[in-house]
Amino acid sequence: MQSPKCHLLIFLIQLVSIISFYHYITPIRGEDETGVVEVDVGIILDLKTDVAKVMHTCILLALEDYHAASRSAIRIVPHLNDSNKDDVEAASAAIYLLKDVQVQAIFGPQTSTQTDFVIDIGKRVKVPILSPATSPSLTVKENPYFIRGALPSSSQTKAIAAIVKNFGWREVVVIYEDSAYGTGIVPHLTDALLEISTLVSYRSVISPSANDDQILRELYKLNTMQTRVFVVHLRPLLAKSLFLNANKAGMMSEGYAWIITDLLTSLLDSVDHSVIESSMQGVIGLKPYVPRTNELIDFTKRWRRRFRQEYPNTNTVELNVFGLWAYDGIKALTIAVEKVGGTSIPKFKKADTRKNLTDLDALGTSELGSLLIHSMKNITLKRSLSGDFRLIDGELQPSPYEIVNIIGKAERTIGFWTEKDGISCKLKMVPKTAAKCNNKQLGAIIWPGESHIVPKGWEIPTTGKKLMVGVPAKGWMNEFIEVKKDSKTQAVTATGFCADVFKEVILSLPYALRYEFIPFQIPDSPTSPDYDNLVKKVSSKEYDAVVGDVTILANRSEYVDFTLPFTESGISIVVPVKDDDRKNIWIFLKPLKSELWITTGAFFFFIGFVVWILEHRVNKEFRGPKCKQVGIIFWFSFSTLVFAHREQVKSNLTRFVMIVWVFVVLVLTSSYTASLTSMLTVQQLQPTITDLNDLIKNGEYVGYQEGSFVKDVLKRMKFDSSKFKSYTTLEEYNDALSKGSKNGGVGAIIDELPYLRLFLKKYCRKYIMVGQTYKTAGFGFVFPKGSPLVPDISRAVLRVMEGEFMNNVIQKYFGNETDCSQKDGMAITSDSLTLDSFKGLFLIAGVSAGSALLIFFLIFLYQNKEILTTDDSIRQKLSAIAKVFDEEKVKPDSKSEMLGEGNESQMTTLFAANAASPETLSYLPSQSPERTASPPYEGFSTTEPGTPVQEPITNEVRWQI
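Quantities reported herein were computed from a predicted structural model and do not represent experimental measurements.

Student: Which parts of the structure should I look at to understand the overall build of the protein chain?
Tutor: On a plain count of helices and strands, the protein chain comes out with 32 helices and 30 strands. The burial tally for the protein chain puts 48% of its 961 residues in the buried class. In the protein chain, 72% of the contacts between residues at least 6 apart in sequence involve partners at least 24 apart. Within the structure as shown, the protein chain displays about 48800 Å² of accessible surface, and the carbon and sulfur contribution to it stands at 55%.

In structure tokens:
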């Protein structure tokens, strides 16, 4: 048994423990002797809405979970106030909470307009305002005590744009609520769509108080437009009325596409199931992705029980993402309170009562608020119920968006969107997602009307205005476009090449397209409207399209869209042709350009001079009086022109030079002969000018078509604008070219190829197209920027151009292009041969002749080096060298050569040297040393050799010598 002392000791210990525990848990206001600290938090919600009830229940559960898990002495006390859907009520509730309760933070209000009032009050008293308002107009940067506890509506705009881009839609209609909630998203959505080259063709504003008749009237208006893609940004109650009336208007059928934003998708359970089943089938929706975790499943069960306790009379309400954000927001607030809290929570600092203060000034300022806002602005909750709850600089960071397709009574996940990866069928961070993919991007979609075909995004309305098509009415070049107006019926008709092609293109479309031609006057005046003014009529919505001879240009494509071109492209020059040069007495000089004549003559002299130097000492033909030597220099080289030279050459260096030079002469003479033959035998239409540079250099006047963009092109080519003259008809072109620049006309006409082809067809014997063709894109049909008709019209243009129709319409308006035989001989340049074609030949000839000359002088100087080594002056040395060069060189190679050459003096010397030796004479050849003619010429002589006279040498003659 234990002693009484032990029992007493145990009793005392238990008593002390009970007292301590009781002292710890006793709740009191502020801080009392038990040490418990109470922090008052205000809650402002519209309790008449289901969303407010969901958030209120989540806030209560968040505080219960905090108090159950926290071991600190801080107790958060909520104070709920109903704003009754009124901005003034919300502001009054905030003032009451701050003045009478002295709350340290406020959760709410829900709506953006109410929050706009409250955050101003919070900034004045330095109390954090944690609000689920989604309007982008409320910015955290401008309101330092504002923390957004929900995603702003602008965060989903890029996801919507990604969906639109995925299906290739070029235009959308935005239907939004006429309130701060609705208008806030519009500029952000428009910018996001513009980034993917998609236009918001119309903005439909629905008043929150609009009745069914007003909504139906607006929907009928939308149905008369072409666009069939609608982005709906409405709250559930208004969206319910919209879709019911859209179904009545037949706009929930095949061919339509509807996209709803995150608020409506997240609160879809608040819409009657009957409305969803009857009028929202096939709609695509976006909502923030919330992972389905075990914690969320358990919390949902708790929330349902607590919701039935708090609001027993409210049915068919489910937990949504706004409730989860409210739970996580309060949890973040409790974490911040614990960070800055301690044994004492400071109260409000009262304002100076000696001054005349307003009610707001009398509130004072919170000493805890600045600490709380600093702690809450950057906080991350791990394993939060909403998925990824991260506050950075007071802004909730975007989470992945879930893309759903409404089918039956519920929605089905078809994909996801993240800013990093874009649209994907499954989330990379969550491999086990619910989407079943049939393609790489999105799952299978059932569109309105139970269609599996992706809507093309636009339709031509069967009831509605016609397509207003502008056509240029200019009174000239009627082969391309001509506008006629019936004097009785005032009906406008358009004919010509461009109009016929357009009509055929419209007929080839897979649907009916009604249109009406509207004439646009382009009179003959420099200050009159031109084609640029006509194109701008499309961008300003005055015309729906333009048909005519309108060229596709880069500057025009900045504000309109063009179809594919239906004509050839390019700008070229037409000039008059010259008279027949065959009657010219100096035509034989024309085959070669003057610089080629001069270069050829210089080389003839150079080659003759080189040959003379190489042959002067060893060849008698290149010796003699000075006038003879000068003549031989010119004669020898020029005689090679017709291969009539008779002089033989003895030096191998000379032979080398002549081989190369004869080849050069052969090429030159052959080219000259061919060019002259062409000039004399072939009738050619030679242009007076060959390219644009000639026009600029000669200061010629140039003509162009009135109203054409060619004028701007000429300015960019550095033409003098004072030399421009504009014309309107082909006859004016002809008159101007016939006169020429000196007689008040022009030296050339510069225009687009289709017009020049037409002009040459009529005057093909007088004018010719010259120079290079400057590329343009050709003629195209004009439509507004982003028009959905452009792709279909372009494909139809391709079909028409590939068929027989195009050949027939060209033959109809422009005739047979082969009627004028020389018309296709374009881009003519001068037929005279230029030096550029023979630079290589002259280079080879010059190098070979120079090399031979250098080798000759090196050998000559080496053979006479004893002269260079003397002590004479340089002048004396040069004089001696010149004398040696001028002397004839005698160099017998052999006895037989001397005899064969018939050199009698050498034979006499030989006989005299051997007179004492009869034996030597016995070896002389039995042949007369004299010949009746000279031996055959070496080198390139064309003369016949003489016939030698052979006689036996008698003993009498032998002894006589």
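The rest of the description comes next.
Student: Help me understand the sheet that holds strand E26 (residues 702–705), please; the structure alone is not making it clear to me.
Tutor: Each strand in a sheet pairs with another by means of backbone hydrogen bonds, the pair being arranged parallel or else antiparallel. In spatial order, the strands read E27-E26-E28-E25-E29; together these five strands make up an open sheet with mixed pairing. Edge positions in the open sheet fall to strand E27 (724–727) and strand E29 (767–774), since each of these has one partner strand only. Averaged over all adjacent pairs, the angle separating strand axes in this sheet is 30°, with direction ignored. As paired elements, strand E25 (residues 571–576) and E29 share five bridges and run antiparallel to each other. For Val574, the partnering residue across the bridge sits in E29 and is Met769. Packed on one face of the sheet, helix H22 (residues 730–739) meets E25, E26, E27, strand E28 (748–752) and E29 and runs near 150° to E28. Running at roughly 125° to E28, helix H23 (residues 753–762) makes contact with E25, E26, E28 and E29 of the sheet.

Student: Even after reading the chapter, I still don't get a nonpolar patch on the surface, so can you show me in this structure?
Tutor: On the surface, Trp586, Phe588, Leu589, Trp597 and Ile598 cluster together to form a nonpolar patch covering roughly 530 Å² of accessible area. With respect to the helices and strands, Phe588 occurs in the loop between E25 and helix H17 (594–615).

Student: It is not clear to me how the packing of H17 against helix H26 (residues 839–863) should be interpreted in this structure. Could you clarify?
Tutor: Packed helices, taken two at a time, are described by the angle their axes make and the gap between the axes. Contact geometry of H17 with H26 gives a least axis separation of 10 Å together with a crossing angle of 20°. In terms of orientation, H17 lies roughly parallel with respect to H26. H26 is crossed by H17, and the crossing has left-handed handedness. Of H26, the residues touching H17 (which contributes Leu596, Thr599, Thr600, Phe603, Phe606, Ile607, Val610, Ile613 and Leu614) are Phe842, Ala845, Gly846, Ala849, Gly850, Ala852, Leu853, Phe856 and Phe857. Tallied by class, residues from the contact of H17 with H26 come to 14 nonpolar, four polar and no charged.

Criteria and thresholds
The numbers attached to residues start from 1 for each chain and follow its sequence in the written order. For a predicted model such as this one, the threshold for reporting local features is a pLDDT of at least 70, and the threshold for listing and counting side-chain atom pairs is 80 or more; totals across whole chains, interfaces and linings nevertheless cover every residue. Computation of side-chain values: all heavy atoms of the structure, hydrogens and water removed. The helix and strand labels rest on DSSP assignments: H or I over at least four residues marks a helix, E over at least two residues marks a strand, and numbering proceeds from the N terminus. Each residue is placed in one exposure class: buried if its accessible area under a 1.4 Å probe, protein chains only, is under 20% of its type's maximum, exposed if it is over 50%, and partly exposed if it falls in between. By the convention used here, residues are in contact when the closest approach between their heavy atoms is within 4.5 Å. Methods summary: accessible areas were calculated by the Shrake-Rupley approach with a probe of 1.4 Å, and residue burial reflects only the protein chains presented. At least two DSSP bridges between two strands are needed for those strands to be called paired. In this analysis an axis means a line fitted to C-alpha atoms, helices contributing only their contacting stretch, and an angle means the value between N-to-C directions, from 0 to 180 degrees. Like-charged residues are merged into a patch within 9 Å and nonpolar side chains (Val, Leu, Ile, Met, Phe, Trp, Tyr) within 5 Å, provided each residue has over 30% relative accessible area and no salt bridge. Only one rule defines a salt bridge in this text: a Lys or Arg side-chain nitrogen within 4 Å of an Asp or Glu carboxyl oxygen. Small angles under 35 degrees read as roughly parallel and large ones over 145 as roughly antiparallel, with 65 to 115 read as roughly perpendicular and the rest as oblique. Each helix crossing is assigned a hand: it is left-handed if the near helix lies turned anticlockwise from the far helix by less than a right angle, otherwise right-handed if that turn is clockwise. Ten residues, namely Ala, Val, Leu, Ile, Met, Phe, Trp, Tyr, Cys and Pro, are considered nonpolar, four, namely Asp, Glu, Lys and Arg, are considered charged, and the remaining ones, Gly among them, are considered polar.

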